[in-house]
Amino acid sequence: MLSPKAFDLRAPKMLVAFTGWNDAGEAASGAVNQLLNSWERYLIAEFDPEDYYDYQVNRPIITFNEEGKRSLSWPSTKVYGVKSLDLPHDLIIVIGQEPSHRWQSFANEIVNIAEDYEVATLIAFGGLLADVPHSRPISISATTFDPKIAAKYQLELSSYEGITGILSIINERALRHELEALSLWALVPHYVSTAPSPKASLALIEALEDILKSDLPSGNLAKAATAWELSVDQLAKDDLEVGEYVIELEKNKDASEANEATGDSIARELERFLRRRSED
């Protein structure tokens, strides 16, 4: 780990994403990597893999560089400070593989870093396989465990019970330390087994824009999302069973959205449109 407060950041927000169980379609990791590659970044901390990873679950990887030199990379979690003049604040981005053990200690380290940099808001990204059609906008489940935070950001108050991943552990620990903690989960069509899913990553970035009230760089994700959707359209055409299933999902999705359309949802879309137009 690097020493705390190694870099000065302006009122940073913390984004957290992990590959593995929490990252269907690589939606979450794809979104944060897009943001990381868009701005100047600094390594704040790197977790010792010996402390948190089972190498039979997350195995080390051998690679060769352009000169043919062999290197060995170990599973880990890295924490970056991101400076951006486009935003009224900076970001701290946490990205890595979901740890194998000592989750409570791991979550404590994440929250300690947040406190060192005076982070007030922690936002977790995730991807979840669901019965949703690929041909409609990717739905985002935006939740929190805290009623005040739910009211502030117009989120759903989570009532989930059952097995969970590292994101919920970090959120729970952040709330215990009086940080704002919330989660954005992209619902990824379960019948599209191949990753990545750029359409889901783009949906997460757009949902984050609504939280931060700022436009964010999405790079080539829109173009990649269109290509991804067209490729799945072809899959549905070639496989009659998949095609019929997609049609049924589309009917259910359209009926659900017609019932749930509200003034608040329309206002959010209008606000996003006006914000982007103003910044352009």
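As the structure is a prediction and not an experimental result, all values here were calculated from the model. (Residues numbered from 1 in each chain as written. Predicted model: local features only at pLDDT ≥ 70, side-chain atom pairs only at ≥ 80, totals over all residues. Heavy atoms only, no water.)

Visitor: What is the right way to look at the overall build of the protein in this model?
Guide: Each helix and strand counted, the protein has nine helices and ten strands in total. Per-residue burial for the protein yields a buried fraction of 45% across its 280 residues. Of the contacts formed within the protein by residues at least 6 apart in sequence, a portion of 80% connects residues at least 24 apart. Of the accessible surface of the protein, which amounts to about 14900 Å², a share of 51% is contributed by carbon and sulfur atoms. (Helix = DSSP H or I, 4+ residues; strand = E, 2+ residues; numbered from the N terminus. Buried < 20%, exposed > 50% of the residue type's maximum accessible area, 1.4 Å probe, protein only. Contact = heavy atoms within 4.5 Å. Areas by Shrake-Rupley, 256 points an atom, 1.4 Å probe, with all protein chains shown as cover.)

Visitor: Mind showing me how you'd approach unusual backbone geometry here?
Guide: Negative phi values dominate among residues other than glycine, just as trans dominates among peptide bonds. Located in the positive-phi region is E26, a residue other than glycine, with phi close to 50°. Tracing the backbone through its elements, the reader meets E26 in the loop between strand 1 (13–19) and helix 1 (27–36). Relative accessible area serves as the criterion here: at 37%, E26 is assigned to the partly exposed category. Positive phi values are uncommon outside glycine, yet Q154 reaches one of about 55°.

Visitor: Help me understand the sheet that holds strand 8 (residues 140–144) in this model?
Guide: Neighbouring strands of a sheet are bound in pairs by backbone hydrogen bonds; such pairs are parallel or else antiparallel. If you trace the eight strands from one edge of the open sheet to the other, you get 2-5-6-1-7-10-8-9, paired in mixed fashion. Edge positions in the sheet fall to strand 2 (40–46) and strand 9 (156–157), since each of these pairs with one other strand and no more. The pairing of strand 5 (residues 77–83) with strand 6 (residues 91–97) spans six bridges and is classified as antiparallel. Paired with Y80 across the strands is I93, a residue of strand 6. (Pairing = 2+ DSSP bridges.)

Visitor: I tried to follow the packing of aromatic side chains on my own but got confused; where do I start?
Guide: Remark: the centre distance and the inter-plane angle together describe each pair of aromatic rings, the angle taken between the planes. By the definition in use, this model includes six aromatic pairs. Pairing F47 with F106 gives two aromatic rings, centres 4.8 Å apart and planes at 40°, and the pair type is tilted. Taken together, the positions of F47 in the loop between strand 2 and helix 2 (49–52) and F106 in helix 3 (residues 103–116) put the pair 59 residues apart, joining distant regions of the chain. Ring pairing ties together the aromatic residues F18, F47, Y52 and F106, which thus form one cluster. A cation sits over an aromatic face here: R41 above Y80, 5.1 Å from the ring centre. (Phe/Tyr/Trp six-rings, centres within 6.5 Å; stacked < 30°, edge-to-face > 60°. Lys NZ or Arg CZ within 6 Å of the ring centre and 35° of its normal.)

Visitor: Whenever I open this one, the nonpolar core confuses me. Can you help?
Guide: A general tendency of soluble globular proteins is for nonpolar side chains to be buried together. Membership of the largest hydrophobic core comes to 39 residues, with the highest contact counts inside it found for I123, F125, L184 and L208. Broken down by element, this core gets its largest block of residues, nine residues, from helix 6 (residues 198–212). Each residue touching L184, except ones within four places of it in the same chain, is listed here: I123, A124, F125, G126, I140, S141, A142, L204, A207, L208 and I211. The next biggest cluster of nonpolar side chains, apart from the first, holds 29 residues, and it includes M14, I110, A114 and L179. (Core = buried A, V, L, I, M, F, W, Y, C linked by side-chain atoms within 4.5 Å.)

Visitor: It is not clear to me how a negative patch on the surface should be interpreted in this structure. Could you clarify?
Guide: On the surface, E46, D48, E50 and D51 cluster together to form a negatively charged patch. Within the secondary structure, E46 sits in strand 2. For E46, a relative accessible area of 33% corresponds to the partly exposed category. (Patch = residues over 30% accessible without salt bridge, like charges linked within 9 Å, V, L, I, M, F, W, Y side chains within 5 Å. Salt bridge = Lys/Arg side-chain N within 4 Å of Asp/Glu carboxyl O. Lys, Arg positive; Asp, Glu negative; His and termini not counted. Charge placed at Lys NZ, Arg CZ, Asp CG, Glu CD.)

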